[in-house]
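Observations on chain architecture
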Amino acid sequence: MELILDALVQFGEITLVLVLAPLLTGYVRKVKARLLRRQGPPLLQPYRDLARLIRKEVVLAHNASWVFRAAPYIVFAATWVAAGLVPTFASGLVVSYAADMIAIVALLGSARFMLALAGLDVGTSFGGIGSSREMMIASLAEPAMLMVVFTLSLLAGSTQLSSIAAFMQGPDVGLRVSLALALSGIIMVAIAENARIPVDNPATHLELTMVHEAMILEYSGRHLALIEAASFLKLLLYVSVIACVFAPWGVAVSGAGLGAYLVGVVAYVAKLAVGGLLLAVFETAIAKMRVFRVPDFLGAALMLGFLAALLLFVTRAH
Amino acid sequence: MDRLALDIAHLFAGGLVLVSFMLLYQDRMFGLLNIFALHALVVSLSVAWQAYIQEAPHLYITAAIALVVKAFVIPVALHRIIVRLGIHRTIEPVVGIGQTMLAGIGLVALSIMVMLPITAEAGTLAREDLAFALSVILLGLLMMVSRRNAVSQVIGFMSIENGLILAATGAKGMPLVVEISVAFSILVALIVIGIFLFRIRERFDTVDVHELDRFRGEQP
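Calculation criteria
Residues numbered from 1 in each chain as written. Chains lettered and ligands numbered in written order. Predicted model: local features only at pLDDT ≥ 70, side-chain atom pairs only at ≥ 80, totals over all residues. Helix = DSSP H or I, 4+ residues; strand = E, 2+ residues; numbered from the N terminus. Rg over C-alpha atoms; globule rule 2.2 N^0.38 Å. Buried ≥ 20, exposed ≤ 12 C-beta atoms within 10 Å, placed from the backbone. Contact = placed C-beta atoms within 7 Å. Nonpolar A, V, L, I, M, F, W, Y, C, P; charged D, E, K, R; others polar. pLDDT = per-residue confidence, 0-100. Expected span 1.5 Å × (residues − 1). Arc of directions from axis to C-beta. Core = buried A, V, L, I, M, F, W, Y, C linked by C-beta atoms within 7 Å.

Take the overall build of chain B next. In terms of regular secondary structure, chain B is built from eight helices and zero strands. Counting from the amino terminus, helix and strand elements in chain B follow one another as α-α-α-α-α-α-α-α. At 18 Å, chain B has a C-alpha radius of gyration in line with the 17 Å of a compact globule built from 220 residues. Taking the principal axes of its C-alpha atoms as reference, chain B extends roughly 60 × 35 × 25 Å. Expressed as a percentage of its 220 residues, the buried residues of chain B come to 38%. Within chain B, contacts between residues separated by at least 24 positions form 73% of all contacts whose residues are at least 6 apart in sequence.

What follows is the structure in structure tokens.
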């Protein structure tokens, strides 16, 4: 019985992330538009975009290989599984013992690998530029993310998100410099990974500046729908990870009643709303940086991760 | 002394190391001055917190001096000097920012490795403060050697002094007279450096200190 209930909760989480992901993106776009005193697209526009793209026919380049056709499915599946592994409204999920934070980073890394291959596959110059820039960003963003993961795991004594969240709710946390550094590091990584403004502009098709859009320029129809859905999911995933680790309040523990789960869902939606609002304000307030400044930006994130792990050894000198 | 007090002291000291890294990362002159003001603000907060937990009222005066002189007077004065001299407002580092930051991490690791074993008998607070203070001092030195521009070298010098204050307040019982004399010597240094900047600028039309090497005939 217990197992069935846990499986149901896990299923609920996986569905919830898929349902909420386009809404989060629509919400961020809406807030950004309102901050610029524009009307902005309706909140449900991303759902309509996806529905429309799925109905449209796929246009393939003549020399597209199976990699190009398979990539959207792999990217979407890997991202969706990774997003489903994060304890969003309930912790102690069925599969969380098999998959920890490092598995999530690895899933996202393989999704990125497939996308970069697909960008190179057709052989257009834009796809090549996009893939090479994406790899440049990844080569710094992934170590930075891993350093943050190591810091959190050293603190909590576990790499599992559920245990880390439980530790962060406990009395042993206190005010720690390492956590502040890890938070800044993971936010910088999240901005770079989701192609948000100082690193990349998600709303542009200006060829000199784009990274993510350049890789997917050749996609259309249901393939494009899958890739768009994967990028919505990725944004949701990063906001959820940050919320789960640094604001773990309201997450229902395993075996709690229906009421606790409802509280968890409400708290989760509220956290997403706050995270999306902060992201929109940040993106509106800042200018995009040149591509050649991005390594400095991500180098700073990597340095924050290193510093956080280093300072753990000074803290209270256990 | 409870754990929260320790954590807050730790947070301020660690924040100071972080602001030192921000100084290394910054490549615009006015941004550098603003971050230096932030550096001084964090130092004064840290000193004020130490005054509170050590119950040493004279440390409040130290905090006030740091706040007024280093967070307001020196940045504003440097700002005016830069505007007066019409200095080129981007900073060219000797090596890339990435390598400088990596070297900075190495220095922080070094100071932790050095400080923790040799202060094994001291209290936890003093140990951490000394480790952080040594990091801030080394980062200030790194900033002085890795920048060509005289103004950013001045900022590096001032941030070293902030690190010294952090070390002195962490180890209990720095007399007030020491702090006052240090603050005055910093002001005098600022005046001397200001005159120095005017002279370099007058002579070479730039504040790039590599011109000095060429003038001495050390470089072609």
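The next point concerns the environment of Ile-61 of chain B. All names here are of chain B. For Ile-61, the position within the fold is in helix H3 (residues 58-85). Residue Ile-61 is classed as partly exposed on the basis of its 15 C-beta neighbours within 10 Å. Taking the C-alpha atoms as reference points, Ile-61 and Leu-134, separated by 73 residues in sequence, lie 23 Å from one another.

Taken together, the contacts link 23 residues of chain B with 19 residues of chain A. By residue number, the principal contributor to the side of chain B that touches chain A is helix H1 (residues 3-25) of chain B, which donates eleven residues. When its residues are assigned to classes, the side of chain B that touches chain A shows 14 nonpolar, five polar and four charged.

What follows covers the confidence of the model for chain B. Residue and element names in this part refer to chain B. For chain B, the mean per-residue pLDDT works out to 82, and 95% of the residues sit at or above 70. Within chain B, helix H2 (residues 29-54) carries the highest mean pLDDT (90), whereas helix H8 (residues 210-216) carries the lowest (73). Here the predicted complex carries an ipTM of 0.72, next to a pTM of 0.85.

With that settled, consider helix H4 (residues 97-118) of chain B. Residue and element names in this part refer to chain B. Given a rise of 1.5 Å per residue, 22 residues ought to cover 32 Å, and the 32 Å separating the end C-alpha atoms of H4 matches this to within 8%. Buried within H4 are the following residues: Thr-100, Met-101, Gly-104, Val-108, Ser-111 and Met-115. Looking straight down H4, one finds its buried side chains confined to an arc of 95°; they lie on one side. Exposed residues lying more than 90 degrees from the buried face of H4 are Met-113 and Pro-117.

Time to look at the nonpolar core. Leu-24, Ala-144, Leu-233 and Leu-236 of chain A together with Leu-16 of chain B are the most contacted members of the largest nonpolar core, which has 149 residues in total. Examining the composition of this core, we find that 17 residues originate from one element, helix H9 (residues 221-246) of chain A, more than from any other.

In this section: H9 of chain A. Helical geometry: 3.6 residues make up each α-helical turn, so side chains three or four residues apart lie on a common side. In this model H9 of chain A runs 38 Å from its N-terminal to its C-terminal C-alpha over 26 residues, within 8% of the 38 Å that 1.5 Å per residue would give. Buried residues dominate H9 of chain A, accounting for 22 of its 26 residues.

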